[in-house]
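# Structure assessment
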Amino acid sequence: MQKLFMITLGIETSCDETAVALYDSEKGLIGEAVFSQIELHGEYGGVIPELASRDHCQKITHIYKTALGKTHPSSIDQIAYTAGPGLLGTLLIGENFAQGLALALNKPLIPVNHLEGHLMAPFLSGEKLDFPFLTLLVSGGHSLIIDVRGLNDYEILGQSRDDAVGEAFDKVAKLIGLGYPGGPEIEKMAQQGDPEKFKFPQPMLHSDDYDFSFSGLKTSVLYSVQDLDKITEDVQADICASFQHAATEVLVKKISKALIDTGREGIILAGGVAANKLLREKISTLQQSLNITVLYPPIAHCTDNAAMIAYLGSLKTNEATYQLNSHARPRWPLGDAIG
Ligand code: KG4
Ligand code: ZN
C-alpha cells in the first residue's frame, strides 16, 4: 500500500548549481543545500561545461549530506532528479548520483523536466493559484510564455527566437566589463543610471504574437559601446538602466497581451530573471491594472535549486520507476513525455 506521506529527494545539476533538497508531502521542505559555481565561471563570463561537470562531481556528495542533515537516508521514499534540459555532462552527473542512491536505498527514480520544476516553484511555499494560469519563465536558457492548464498540460504561447533574456543580461554585462552572472550585476549598476540615456530597441514589441527576440537589443548595446572612447562607471550605469528598461518592457508587454487575449486571471513569474526588481515592479503595476493574481517564488527558488525538483517529484509519484535507464538530454521541450 502506498504511504500517505512521502519524502522525495530532489537533485539538480542541469547547469552551474549543484543542489539537493528533501520535500516531505506533509511538512513541506525539510532540507536543502545549493552550491553555486558562479566564482568558477566568473572569469570566463559564462559557464564552461567541462569545468561545471568536474565541480558537480566534487561537490555533490557533500551537498547531499548537507541537505539531509539529521534525516536518515532510509526515510527517503523516492528520488527525483533533473534529466533535462541542460548541459549533458552535468545532467549525467546528477543522474548517476541519483541512480547510485536508488540502487543503494532500493528506492524508485523520477526523472523530471527542469523547466517544469521552475513552473511549479511558487507552490513550494504553499501559495495557491488555480489552473489555468500563465507563466513567464525567464532564465539564462529560456524566455517562455506558457499556458499552464494543469500538471502535464502545458502550451507554449511564445518564446525567444534567438537569445534568452537572461543570456542577453549576461552578454551585455560582459560587453561592458561587469561580472557573471550579468543579471544581478546589471540590476545593481542600473540603480545609479538613467534608463532614458540610451535609446535601445524593444524588439518585437508590437508583433502580433507572444514571441521575443533579444539578440538585436544586445547588438545595439555592442554598437553603442563601440562608439564610446571610454566606458566610465556613469556610462556603465546608464547602459545598464537603459538595457534593463528595454528588456523588461518587452517582457511585460508580451505577458500583458497574452493575459488579455487568453483571459487568464493569474500569472507565475519563474526563472532567474524573475528575481529582477524592475520586472517585479512592472508586473505589480500590471497586476493592479488587470486585477490578476501574481505569484513569484522567493528569490532563492527563482534561480536554479533542487527544492523545485523535489516538489515536482512529489507530484509525480505515479511516474516513479526502478529501471535505471538514462534519460539525461540537453533538449527536452516542456510538455513532452520522458522518452
Ligand atoms: O534560472 P537560472 O538560475 O538558470 C537557468 O536555468 O538559466 O537563471 C539564470 C539567469 C542568468 O542569465 C542571470 O543573469 C539571470 O538569470 N538573473 C537575473 C537576475 N538574477 C539572475 N537577471 C536579471 N535580474 C536579476 N536580478
Ligand atoms: Zn533554471
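Up top you'll find the structure we're talking about.
Below: a short report on this structure. Since the structure is predicted, the reported quantities are computational estimates derived from the model, not experimental observations.

## With respect to the overall build of the protein chain
- In terms of helices and strands, the protein chain carries 11 helices and 10 strands.
- Against the globule reference of 20 Å for 339 residues, the protein chain gives a C-alpha radius of gyration of 20 Å, in line with a compact fold.
- Counting only C-alpha atoms, the protein chain reaches 65 × 45 × 35 Å along its principal axes.
- Across the 339 residues that make up the protein chain, the buried fraction comes to 54%.

## Observations concerning the sheet that holds strand β1 (residues 7-12)
- Here we have 5 strands laid out as an open sheet, ordered β3-β2-β1-β4-β5, and mixed in their pairing. Each edge of the open sheet carries a strand with a single partner, namely β3 (28-36) and β5 (109-113). Direction aside, neighbouring strands of the sheet carry axes that sit 20 degrees apart on average.
- Of the strand pairs in this sheet, strand β2 (residues 17-24) and β3 are connected by 8 bridges, and their pairing is antiparallel.

## Some details on the site of ligand 1
- Within the structure, ligand 1 sits among 21 residues, and G140, D170, G183, E187 and G272 are positioned closest to it.
- Taking G272, its main chain carries an N or O atom lying 3.0 Å from an oxygen atom of ligand 1.
- Summarising the interface, the protein chains cover 89% of the accessible area of ligand 1, which totals 550 Å² for the free molecule.
- The set of elements that each furnish at least two residues to the shell around ligand 1 consists of α4 (114-120), α5 (165-175) and α6 (182-190).
- Ranked by residues supplied to the shell around ligand 1, first place goes to α6 with 4 residues.

## Remarks on the pattern of salt bridges
- For the coordinates displayed, the defined rule picks out 17 salt bridges.
- For D208, the salt bridge identified is with K257, shortest N-O distance 3.3 Å. In this pair, D208 is assigned in the loop between α6 and α7 (215-226) and K257 in helix α8 (residues 233-262), connecting sequence segments 49 residues apart.
- For K257, a relative accessible area of 23% puts it in the partly exposed group.
- Of the charged contacts in the structure, one is a salt bridge between K253 and E249, with a shortest N-O distance of 3.0 Å. Highlighted residues: K253 and E249, both in helix α8, separated by 4 residues, approximately one helical turn.

## What about the nonpolar core?
- Membership of the largest hydrophobic core comes to 48 residues, with the highest contact counts inside it found for F243, I255 and I283.
- Put simply, the parts of the chain that give this core at least two residues each are β6 (133-138), α5, α6, α7, α8, β9 (266-270) and α9 (277-290).
- Not counting chain neighbours up to four residues away, the residues in contact with F243 comprise A168, F169, V172, I186, F200, L217 and V221.
- Core analysis: the second largest hydrophobic core is formed by 30 residues, A19, L144, L295 and A310 among them.

## Examining the packing of α6 against α8
- Contact pair α6 / α8: the axes reach a minimum separation of 8 Å and the direction vectors enclose 110 degrees. Here α8 runs roughly perpendicular to α6, going by the angle between their axes. Between α6 and α8 the crossing geometry is left-handed. Counted together, I186, E187, M189 and A190 of α6 and E233, Q236, A237, C240, A241, F243 and Q244 of α8 form the full contact between these two elements.
- In terms of residue class, the contact of α6 with α8 is made up of 7 nonpolar, 2 polar and 2 charged.

## Quick notes on the sheet that holds strand β8 (residues 153-159)
- Read from one edge of the open sheet, 5 strands run β8-β7-β6-β9-β10, paired in mixed fashion. Two strands in the sheet have a free side with no partner beyond their single neighbour: β8 and β10 (293-295). Here the strands of the sheet are splayed against their neighbours by 25 degrees on average, with no regard to which way each runs.
- As paired strands, β6 and strand β7 (residues 143-150) are joined by 6 bridges and run antiparallel to one another. Looking at β7, one finds that F133 is bridged to V148.
- Contacts from α8 reach β6, β7, β8 and β9 within the one sheet, and its direction differs from that of β6 by about 160 degrees.
- Here α9 sits on the sheet and contacts β6, β9 and β10; the angle it forms with β9, its principal contact strand, is near 180 degrees.

Definitions and limits used
Starting afresh in each chain, residues are numbered from 1 along the sequence in its written order. All chains are assigned letters beginning at A, and all ligands numbers beginning at 1, according to the order in which they are written. The predicted origin of the model limits local features to residues at a pLDDT of at least 70 and limits the giving and counting of side-chain atom pairs to 80 or more, whereas totals for whole chains, interfaces and linings rest on all residues. As a rule here, side-chain values cover all heavy atoms of the structure and leave hydrogens and water aside. Where helices and strands are cited, they refer to DSSP runs of H or I of at least four residues and of E of at least two residues respectively, numbered from the N terminus. In this description the radius of gyration comes from C-alpha coordinates, and the expected globular size is given by 2.2 Å times residues to the power 0.38. Buried means the residue's accessible area, taken with a 1.4 Å probe over protein chains only, is under 20% of the maximum for its type, while exposed means over 50%, and partly exposed covers the values in between. A strand pair is defined by DSSP finding two or more bridges across the two strands. Lines fitted to C-alpha atoms define the axes, with helix axes restricted to the stretch in contact, and inter-axis angles between N-to-C directions lie between 0 and 180 degrees. Here a residue is considered near a molecule or strand provided that any single heavy atom belonging to it is located within 4 Å of it. Pairs of N or O atoms within 3.5 Å make up the polar contacts considered here, provided that, within protein, one atom can donate a hydrogen while the other can accept it, and that residues adjacent in sequence are counted only when both atoms are side-chain atoms. Residue burial considers only the protein chains on display, and all accessible areas are found by Shrake-Rupley using a 1.4 Å probe. One speaks of a salt bridge when a side-chain nitrogen belonging to Lys or Arg is within 4 Å of a carboxyl oxygen belonging to Asp or Glu. Among buried residues, those of type Ala, Val, Leu, Ile, Met, Phe, Trp, Tyr and Cys that are joined through side-chain atoms within 4.5 Å constitute a nonpolar core. Pairs of residues are marked as contacts when any of their non-hydrogen atoms sit within 4.5 Å. Each angle is binned into one of four classes, with values under 35 degrees roughly parallel, values over 145 roughly antiparallel, values of 65 to 115 roughly perpendicular, and all other values oblique. Each helix crossing is assigned a hand: it is left-handed if the near helix lies turned anticlockwise from the far helix by less than a right angle, otherwise right-handed if that turn is clockwise. Following the grouping adopted for this structure description, the nonpolar residues are Ala, Val, Leu, Ile, Met, Phe, Trp, Tyr, Cys and Pro, the charged ones are Asp, Glu, Lys and Arg, and the polar ones are all others, Gly among them.

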